[in-house]
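One letter stands for each residue in the lines below.
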Amino acid sequence: MPNPKHKHSRARRDKRRTQKLRITPPGMAVCPQCHELKLPHYTCLNCGTYKGKAVIQVEEV
C-alpha cells in the first residue's frame, strides 16, 4: 500500500475537513397572509396559517 511521502500541515488538513462542516442557511419563503419569512412547506409561526387555512392558534403577547 502506498504511504504519504510528505507530511501535510495542520492548516492544510483542517482546511479540507472544514469544507464538510460548512452549512448553508435554509431557503426561506414569504407567508402569503402576513408576509413574514418562514420555512417552505411549514406552517407560518407568526399567523398560524398553511396554504391559506388557519391550522394553529397563535397567542399574541
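Residues numbered from 1 in each chain as written. Predicted model: local features only at pLDDT ≥ 70, side-chain atom pairs only at ≥ 80, totals over all residues. Heavy atoms only, no water.

Trainee: Can you help me understand a nonpolar patch on the surface in this one?
Mentor: Together, Met28, Val30, Leu37, Leu39 and Tyr42 make up a nonpolar patch on the protein surface, roughly 510 Å² of accessible area in all. With respect to the helices and strands, Leu37 occurs in strand β2 (residues 37-38). For Leu37, a relative accessible area of 59% puts it in the exposed group. (Patch = residues over 30% accessible without salt bridge, like charges linked within 9 Å, V, L, I, M, F, W, Y side chains within 5 Å. Areas by Shrake-Rupley, 256 points an atom, 1.4 Å probe, with all protein chains shown as cover. Salt bridge = Lys/Arg side-chain N within 4 Å of Asp/Glu carboxyl O. Helix = DSSP H or I, 4+ residues; strand = E, 2+ residues; numbered from the N terminus. Buried < 20%, exposed > 50% of the residue type's maximum accessible area, 1.4 Å probe, protein only.)

Trainee: Sorry if this is basic, but what is going on with helix α1 (residues 10-21) here?
Mentor: Residues three or four positions apart in an α-helix share a direction because the helix packs 3.6 residues into each turn. Here α1 contains 12 residues, and its C-alpha end-to-end distance of 17 Å stays within 8% of the 16 Å for a straight helix at 1.5 Å per residue. Sparse coverage of α1 is indicated by the burial of zero of its 12 residues. (Expected span 1.5 Å × (residues − 1).)

Trainee: Even after reading the chapter, I still don't get the side chain of Thr49, so can you show me in this structure?
Mentor: Mapping Thr49 onto the fold places it in strand β3 (residues 49-50). The exposure class assigned to Thr49 is buried, which follows from its relative accessible area of 13%. Apart from the residues lying within four places of it in its own chain, the contact partners of Thr49 are Cys31, Gln33, Thr43, Cys44, Ala54 and Val55. (Contact = heavy atoms within 4.5 Å.)

Trainee: Sorry, what's going on with the pattern of salt bridges here?
Mentor: Two side chains that carry opposite charge are able to pair once their charged atoms sit near each other. One pass over the structure, following the stated rule, counts one salt bridge. Its salt-bridge partner being Arg13, residue Asp14 comes within 3.0 Å of it at the nearest N-O pair. Its relative accessible area of 32% is what places Asp14 among the partly exposed residues. Taking the relative accessible area as the measure of exposure, Arg13 reaches 30% and is therefore partly exposed.

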